[in-house]
Amino acid sequence: MSGPQVKICGVKDIDTALAAARAGADFLGFVFFRKSPRFILPEKAEEVILDLKEASFEEGFALPKLVGLFVDAGEKELSEAPTLLTHFQFHGHESPERCKELGDEFAVEIIKALPVSVADDVLKAGAFEGATDIILFDAKPPPGAGRPGGHGVSFDWTAISSYTGETPFMLAGGLSPDNVADAVASQKDHSGFLGVDVSSGVETAPGNKSADLIASFISAAKGSK
Ligand SMILES: O=C(O)c1ccccc1N[C@@H]1O[C@H](COP(=O)(O)O)[C@@H](O)[C@H]1O
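Residues numbered from 1 in each chain as written. Predicted model: local features only at pLDDT ≥ 70, side-chain atom pairs only at ≥ 80, totals over all residues. Heavy atoms only, no water.

**Overview of the layout of surface pockets**
In this model, the largest pocket occupies a volume close to 240 Å³. Every residue lining the largest pocket is counted, 13 residues in all, and those nearest its centre are His91, Gly92, His93, Pro115 and Pro148. For the lining of the largest pocket, the elements supplying multiple residues, two or more each, are strand E5 (109-116) and strand E6 (134-139). When residues in the lining of the largest pocket are grouped by element, the largest group, four residues, is from E5. The calculated volume of the second largest pocket comes to roughly 160 Å³. (1 Å grid on protein atoms, 1.4 Å probe; cavity = no way out; pocket = protein on both sides within 12 Å on 5 of 7 lines; lining within 4 Å. Points joined across faces, edges and corners; volume = space filled by probe spheres on them. Helix = DSSP H or I, 4+ residues; strand = E, 2+ residues; numbered from the N terminus.)

**Describing the pairing of E5**
Burial runs high along E5: six of the eight residues are buried. As paired strands, strand E4 (residues 87-90) and E5 are joined by four bridges and run parallel to one another. Across the sheet, Gln89 pairs through a bridge with Ile111, a residue of E5. Where the polypeptide runs from E4 across helix H4 (residues 96-106) and back to E5, its parallel neighbour, the crossover connection is right-handed. Alignment of E5 against E6, held across six bridges, turns out to be parallel. Note that in E6 the partner of Val116 across the bridge is Ala139. (Buried < 20%, exposed > 50% of the residue type's maximum accessible area, 1.4 Å probe, protein only. Pairing = 2+ DSSP bridges. Right-handed = clockwise from strand over helix to strand, strands pointing away.)

**Digging into the site of the ligand**
Looking at the ligand, there are 21 residues lining it, with Cys9, Ser36, Asp197, Ser199 and Ser200 nearest. Between the ligand and the protein, one listed contact pairs an oxygen atom with a side-chain N or O atom of Arg147 at 3.2 Å. Between the ligand and Ser200, the relevant distance is 2.4 Å, taken from an oxygen atom to a side-chain nitrogen or oxygen of the residue. With the chains in place, 100% of the 500 Å² that the ligand exposes on its own is no longer accessible. Assessed atom by atom at 2 Å from the grid points, the ligand resides in the largest cavity. Mapped by element, the contributors of at least two residues to the shell around the ligand are E6 and strand E8 (193-198). In the shell around the ligand, the residues fall into six nonpolar, 11 polar and four charged. (Near = heavy atom within 4 Å. Polar contact = N/O pair within 3.5 Å; in protein donor to acceptor, adjacent residues only side chain to side chain. Areas by Shrake-Rupley, 256 points an atom, 1.4 Å probe, with all protein chains shown as cover. Sits in = over half its atoms within 2 Å of the grid points. Nonpolar A, V, L, I, M, F, W, Y, C, P; charged D, E, K, R; others polar.)

Printed below as a string of structure tokens:
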């Protein structure tokens with residue numbers, strides 16, 4: 001495995017985007033789900049992306065891949081998303097066929113999140129083979145939760161050992177600077193492991209990202225803690 005890729009999700013402003021990109025984030029996520037404390041308007045996300053792109057030229061850091069996070073979004077919502085997004089991340093009930101169709105229609109790569117609590121949940125990834133570019137194994141939300149992710153809860157990572165698909169996967173749910181090295185170590189021998197994704201674990205309060213926690217998370221994930 002080459003080094004794990006890191007996705008910092010729930011970016012709401014240029015300072016966070018710059019902190020993550022300068023620290024070496026490979027993906028930045030923008031949450032277009034209104035019930036989330038990380039929600040960002042598409043116009044604001046577009047502004048952040050354009051400013052980030054300009055800074056990447058001026059300072060010479062790599063522009064991360066740019067991910068829009070959606071939950072059962074319709075065509076209108078998807079078409080209002082910033083045009084520079086490289087990936088759509090789906091956290092709703094999107095079928096494999098719908099994932100494939102939308103990836104082709106919007107010319108983006110698709111990340112499909114699958115909620116996991118036990119090994120059997122991981123087997124559901126089989127249906128998405130060939131329909132998505134990345135599978136995101138995320139923790140199942142707590143009962144009664146108002147959104148399908150971003151709760152800072154984790155699951156037993158050994159559940160992923162039952163995954164034998166060809167589609168690369170990322171791991172999310174309750175990761176933080178303190179446990180991400182263990183999470184990476186738990187998957188490093190799995191040929192499909194692409195990287196890790198975090199939101200709550202690099203925040204001081206829901207929706208408030210910390211540049212220090214982001215930098216600590218990225219170095220711990222990439223092995224230079
Ligand atoms: O972050 C949110 O508010 C959110 C809303 C709706 C769907 C997913 C959401 N977050 C994603 O959940 C995982 C894990 O988050 P955490 O690190 O446990 O907070 C990650 O992909 C978030 O982007």
